[in-house]
Structures are given as C-alpha cells and as structure tokens.
Amino acid sequence: MGRHRDHLVEGSDPQLSVALHPPASDAGLRPVLLLHGFASSTKLNWTDTGWIRFLNEAGRAVLTVDLPGHGASAAPEARDSYSPSRIRADVLQVLQDHHVVPLREGVPASGVDIIGYSLGSRLAWEFGATQPELVHRMVLGGPGSGDPLAEFDLAAAQELLAEGTPIQDARTAELMRMARLVPTNDVFALLTMVEAVKDEPFIPSEAVPRMPLLLVAGENDDLAATAQELADLAPQAELLKLPARTHANAVTSRAFKSAAVAFLSA
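Notes on the structure in this doc start here. (Residues numbered from 1 in each chain as written. Predicted model: local features only at pLDDT ≥ 70, side-chain atom pairs only at ≥ 80, totals over all residues. Heavy atoms only, no water.)

Here the focus is helix H9 (residues 254-265). Taking 1.5 Å of rise per residue, the 12 residues of H9 would be expected to cover 16 Å, and the 17 Å separating its terminal C-alpha atoms lies within 8% of that figure. The complete set of buried residues in H9 reads Phe256, Lys257, Ala260, Val261, Phe263 and Leu264. Taken end-on, H9 shows its buried residues confined to a sector of 165 degrees, consistent with a single buried face. Turned more than 90 degrees away from the buried face of H9 sit Arg254, Ala262 and Ser265, all of them exposed. On its buried face, H9 sits against strand S3 (32-35), helix H2 (51-57), strand S5 (112-117), strand S6 (135-141), strand S7 (213-218) and strand S8 (237-242). Between the side-chain oxygen of the N-cap and the backbone nitrogen of Ala255 there are 3.1 Å, and the N-cap of H9 in question is Ser253. (Helix = DSSP H or I, 4+ residues; strand = E, 2+ residues; numbered from the N terminus. Expected span 1.5 Å × (residues − 1). Buried < 20%, exposed > 50% of the residue type's maximum accessible area, 1.4 Å probe, protein only. Arc of directions from axis to C-beta. Contact = heavy atoms within 4.5 Å. Polar contact = N/O pair within 3.5 Å; in protein donor to acceptor, adjacent residues only side chain to side chain.)

One can describe the packing of helix H3 (residues 84-97) onto helix H4 (residues 119-130) by two numbers: an axis separation of 10 Å at closest approach and a directional angle of 65 degrees. It follows that H3 is roughly perpendicular to H4 by the angle criterion. Once H3 is placed against H4, the crossing between them reads as right-handed. On H4, the residues that touch Pro84, Ile87, Arg88, Val91, Leu92 and Leu95 of H3 are Arg122, Leu123, Glu126, Phe127 and Thr130. Classifying every residue of the contact of H3 with H4 by side-chain character gives 7 nonpolar, 1 polar and 3 charged. (Axes fitted to C-alpha atoms, helices over the stretch in contact; angles between N-to-C directions. Parallel < 35°, antiparallel > 145°, perpendicular 65-115°, else oblique. Left-handed = near helix turned anticlockwise from the far one by under 90°. Nonpolar A, V, L, I, M, F, W, Y, C, P; charged D, E, K, R; others polar.)

Running from N to C, helix H5 (residues 154-163) and helix H7 (residues 187-199) cross one another at 170 degrees; their axes reach a closest spacing of 11 Å. Taken together, the axes of H5 and H7 are roughly antiparallel relative to one another. For the pair H5 and H7, the contacting residues are Leu154, Ala157, Gln158 and Leu161 in the first and Val187, Phe188, Leu191, Val194, Glu195 and Lys198 in the second.

With that out of the way, let us pick up the pairing of strand S2 (residues 16-21). Of all 6 residues in S2, 5 are buried, a share of seventy percent or more. The pairing of S2 with strand S4 (residues 62-66) spans 5 bridges and is antiparallel. Bridge assignment links Ser17 to a residue of S4, and that residue is Asp66. (Pairing = 2+ DSSP bridges.)

Here's what the structure looks like:
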C-alpha cells in the first residue's frame, strides 16, 4: 500500500492511500475499484468484511482507495480536497496510474468495474456517468437518490467536539459515533468533507450512468429506501434487496458478495 502522489489530473497532491490487491492467478480480467463509505476505510469496508479476498478468489485484481481524511490517507486542510468532483478527479488519476485503459470490445482486461458503498456509491454513480469510456459495470451498495450527508447537522457535530453537547439528530449522532470509533479517522477532516459534500448536492438525474448497474440495499436500510428511484433513472439497472439487512451490516452479506461477483462477470 502506498500514497498516490504523481501525475495529478488537477490540483495539489491529495496523498491518498492506494493499494493494488492482485489475485493468486491472473485471469486477464479488468480490475475492480472499491470505494468505501463515509467514516469508513478500505480496512473496515472491504478487508475486514472479506470483500477483497472474495474478489481475489474470483480471479479479480482489486484497487482500493482510502478517501481523504479516512484510513491511511492524509487529511488535507483545503475543503476542495474533499469535494466529490475533486475526489472523482483523483480516482481518475489513480486509474491512469494503474494503466487502466478505455474499454475495448473483446478485450476483457480493458476498463474497470466499480463497487461502491454508501457515499462510495454516490461517488461511483457520478464517476460512471462522466467516464463511460472507462467503466464497464458497477455495483452500488446502500444507495439512495438523496445525498447521504445532506441532512448531517454540522453545527451539532461541532458543538459535540467543542463542548460535549449531545447531538439530537439521530442520524448525525450515529455518523459521529462511527467516525469517532475509528482511531485512524481525522474527525475534523470528516466534518470538512461533510461541508464539501453539502456544497455539491447529489442530483442523480443530472448525470446518469448508462452501463449495467446492480443496486444492492438492505431490506431495513433507511438510507437506501430510495434505491428504486435510482434504478428507475438508469437504463440498465437492477435492484437486489437483502432480507433483514441494515445500512450497517448489508456490506457483510455473503449474498451481496456472490451477487456482485456474478454481475461483474456477466
């Protein structure tokens, strides 16, 4: 694992932690890019839940990126470093640095497949819509037609950190609890990310990915309650519901992993 530093598409060095996880046997297939959720990391979202091992066993090379302020990535001071548009530019640079080439018919190693979860799904939706020449298929977990951070109460979160004042909004309180549980998270950087995300609202109808999509949502995931609205927007989308799963535990589902591998192999 290392810091991504060179040949930036735009802007200053984001110092993202990027890793390539090759399979034991190279089947000559395109890599799978994994994009984790807010207050998570490659380790929490993808390593500890078995996703990387599962994909490697299916013969897929895996590219992972820790978002700014998350995991092993740096926590820049500039708010622009956390904006969805800047992160998409950085992801594009990561793919270029790992020699991902545009899709070519009959060349199974060309392009990239993407799996995103929660905020990672929002980023993947927009990336796939703007980079159709690179993205073959996508699996979006815990997705919704609204922005997962749009209702985050920034003022209450800042009061919690400054004064210890309890947060009244349940969703904000839960996100802050998750953020503070992870020792490697820079909580102040995560609040900067919330500000940056709020500055660029998620309007999925403005840029719709045209490649095949698999949307996966826990049956009891309130953040993904509007997943069907996303499926209705995209011309090649299907929706899979995971019985009894929530936003917190859907990502651990073996059924989710199996469905994703099968979908990306089609």
